[in-house]
Amino acid sequence: ETGALILDTRNNGDFYKGFIPQSINIGINGDFAPWVGALIADVKQPIILITELGKEEETVTRLSRVGFDNLVGHLEGGFESWKKADKEVDTVNRINAEEFKARVKIGESKIIDIRKETEYSAEHVDEAFSKPLANINSWIKDIDPKEHFFMHCAGGYRSMIAASILQARGFRNFTEIEGGFNAIAKTDIPRTDFVCQSKMQ
């Protein structure tokens, strides 16, 4: 009714297993304030908070420090209370690096790396596209909803933010990689530091 954004600040490892549909996940235990500022942008945007129990005040304080104080409130009892009320729950399709290795076909599968361009340039999965999270509002419109893609960041924090934004906007044909590039690098999936300009955002 208020047009509020549902901001879920739980850990990405909890978020993907179940969340209120249309929620955006920006975890309190990461670069919280900078990503809220970069991705929500409008400080007047009404926000409803879903937090870990006991983290409500800290979340409100950290939001107000960066100018976001149009808070409608927080969900009493957190996500668990939503679940217990038998309300609709959404999930993110997340797999680990070993499953990714088993399913990916380099050169055929589409892989989106949402780390910064500098991280991508240092090393990335062979044939991956560089589409930094900070630019999601510009590259999201180029996604073909019929084409499946794998998506990762460095450790899972940023890719879950991206996954929640994509799903809130109706894109569901993707698989997010748990542990991100840090986990992928421990497998023998081909990696390179060669930067092909056609793969850049």
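All of the points below concern the structure found in this document. (Residues numbered from 1 in each chain as written. Predicted model: local features only at pLDDT ≥ 70, side-chain atom pairs only at ≥ 80, totals over all residues. Heavy atoms only, no water.)

Quick look at the layout of surface pockets
Part 1 of the reasoning: In this structure, the largest pocket encloses a volume near 220 Å³.
Part 2 of the reasoning: Taken together, Leu5, Gln22, Ile24, Leu39, Ile40, Gln45, Asn137, Ile165, Ala168 and Arg169 form the lining of the largest pocket.
Part 3 of the reasoning: Looking at side-chain class alone, the lining of the largest pocket contains six nonpolar, three polar and one charged residues. (1 Å grid on protein atoms, 1.4 Å probe; cavity = no way out; pocket = protein on both sides within 12 Å on 5 of 7 lines; lining within 4 Å. Points joined across faces, edges and corners; volume = space filled by probe spheres on them. Nonpolar A, V, L, I, M, F, W, Y, C, P; charged D, E, K, R; others polar.)

Some details on the sheet that holds strand 5 (residues 94-95)
Part 1 of the reasoning: If you trace the five strands from one edge of the open sheet to the other, you get 5-10-9-6-8, paired in parallel fashion. At either margin of the open sheet sits one strand with a lone partner, and together these are strand 5 and strand 8 (129-130).
Part 2 of the reasoning: Direction of pairing for strand 9 (residues 149-152) relative to strand 10 (residues 174-177): parallel, over a ladder of three bridges. Bridging from a neighbouring strand, Phe150 pairs with Thr175 of strand 10. (Pairing = 2+ DSSP bridges. Helix = DSSP H or I, 4+ residues; strand = E, 2+ residues; numbered from the N terminus.)

Section: the nonpolar core
Part 1 of the reasoning: If you look at the biggest cluster of nonpolar residues, it comprises 37 residues, and the most contacted ones within it are Leu7, Ile26 and Leu166.
Part 2 of the reasoning: Going through the elements one at a time, strand 1 (5-8), helix 2 (32-39), strand 3 (47-50), helix 7 (136-139), strand 9 and helix 8 (157-168) are the ones with two or more residues in this core.
Part 3 of the reasoning: It is helix 8 that provides the largest number of residues to this core, a total of seven residues.
Part 4 of the reasoning: In terms of nonpolar packing, the next biggest core, distinct from the first, is built from 14 residues, Ala97, Ile111, Ile177 and Ile189 among them. (Core = buried A, V, L, I, M, F, W, Y, C linked by side-chain atoms within 4.5 Å. Buried < 20%, exposed > 50% of the residue type's maximum accessible area, 1.4 Å probe, protein only.)

What about the packing of helix 2 against helix 3 (residues 56-65)?
Part 1 of the reasoning: Axis separation between helix 2 and helix 3 bottoms out at 9 Å; the angle between their running directions is 55°. In terms of orientation, helix 2 and helix 3 fall into the oblique class. In this structure, the crossing between helix 2 and helix 3 has a hand that is right-handed. In this structure, helix 2 uses Phe32, Ala33 and Val36 to contact helix 3, whose residues at the interface are Thr59, Arg62 and Leu63.
Part 2 of the reasoning: Each residue belonging to the contact of helix 2 with helix 3 can be placed in one class, and the counts come to four nonpolar, one polar and one charged. (Axes fitted to C-alpha atoms, helices over the stretch in contact; angles between N-to-C directions. Parallel < 35°, antiparallel > 145°, perpendicular 65-115°, else oblique. Left-handed = near helix turned anticlockwise from the far one by under 90°. Contact = heavy atoms within 4.5 Å.)

Section: the environment of Gly107
Part 1 of the reasoning: Topologically, Gly107 is positioned in the loop between helix 5 (97-103) and strand 6 (110-113).
Part 2 of the reasoning: For Gly107 and Ile177, which are 70 residues apart along the polypeptide, the C-alpha to C-alpha distance reads 18 Å.

Quick notes on helix 2
Helical periodicity: at 3.6 residues per turn, an α-helix aligns residues three or four positions apart in one direction.
Part 1 of the reasoning: Within the sequence span of helix 2, burial applies to Phe32, Ala33, Trp35, Val36 and Leu39. The arc that holds the buried residues of helix 2, viewed along the axis, is 165°, so those residues lie on one side.
Part 2 of the reasoning: Along its buried surface, helix 2 packs onto strand 1, helix 3, helix 7 and helix 8.
Part 3 of the reasoning: Two residues or fewer after helix 2 comes Ala41, characterised by a positive phi angle close to 65°. (Arc of directions from axis to C-beta.)

Overview of the pairing of strand 10
For a regular strand, side-chain orientation follows a simple rule: the groups alternate between the two sheet faces.
Part 1 of the reasoning: Of the two faces of strand 10, the one carrying Phe174 and Glu176 and the one carrying Thr175 and Ile177 are both buried.
Part 2 of the reasoning: Two strands pair when backbone bridges link them, and strand 5 and strand 10 are joined in this way by two bridges, in the parallel orientation. Across the sheet, Arg94 pairs through a bridge with Glu176, a residue of strand 10.
Part 3 of the reasoning: Between the parallel elements strand 9 and strand 10, the chain passes through helix 8 in a crossover that is right-handed. (Right-handed = clockwise from strand over helix to strand, strands pointing away.)

Some words on the sheet that holds strand 4 (residues 71-74)
Part 1 of the reasoning: Strand order in the open sheet formed by four strands is 2-1-3-4, with parallel pairing between adjacent strands. Unpaired on one side and paired on the other, strand 2 (24-25) and strand 4 mark the two borders of the sheet.
Part 2 of the reasoning: Note that strand 1 and strand 2 share two bridges and pair parallel. Following the sheet pairing, Asp8 is matched in strand 2 by Asn25.

As for the pattern of salt bridges
Part 1 of the reasoning: Going through the model one piece at a time under the given rule, you end up with eleven salt bridges.
Part 2 of the reasoning: In this structure, Arg10 and Asp8 form a salt bridge, with 2.9 Å as the shortest nitrogen-oxygen distance.
Part 3 of the reasoning: Classification of Asp8 as buried rests on a relative accessible area of 0%.
Part 4 of the reasoning: For the salt bridge of Glu58 with Arg62, the shortest nitrogen-to-oxygen distance reads 3.0 Å. Highlighted residues: Glu58 and Arg62, both in helix 3, separated by four residues, approximately one helical turn.
Part 5 of the reasoning: In this structure Glu58 comes out as partly exposed when scored by relative accessible area, which is 34%. (Salt bridge = Lys/Arg side-chain N within 4 Å of Asp/Glu carboxyl O.)

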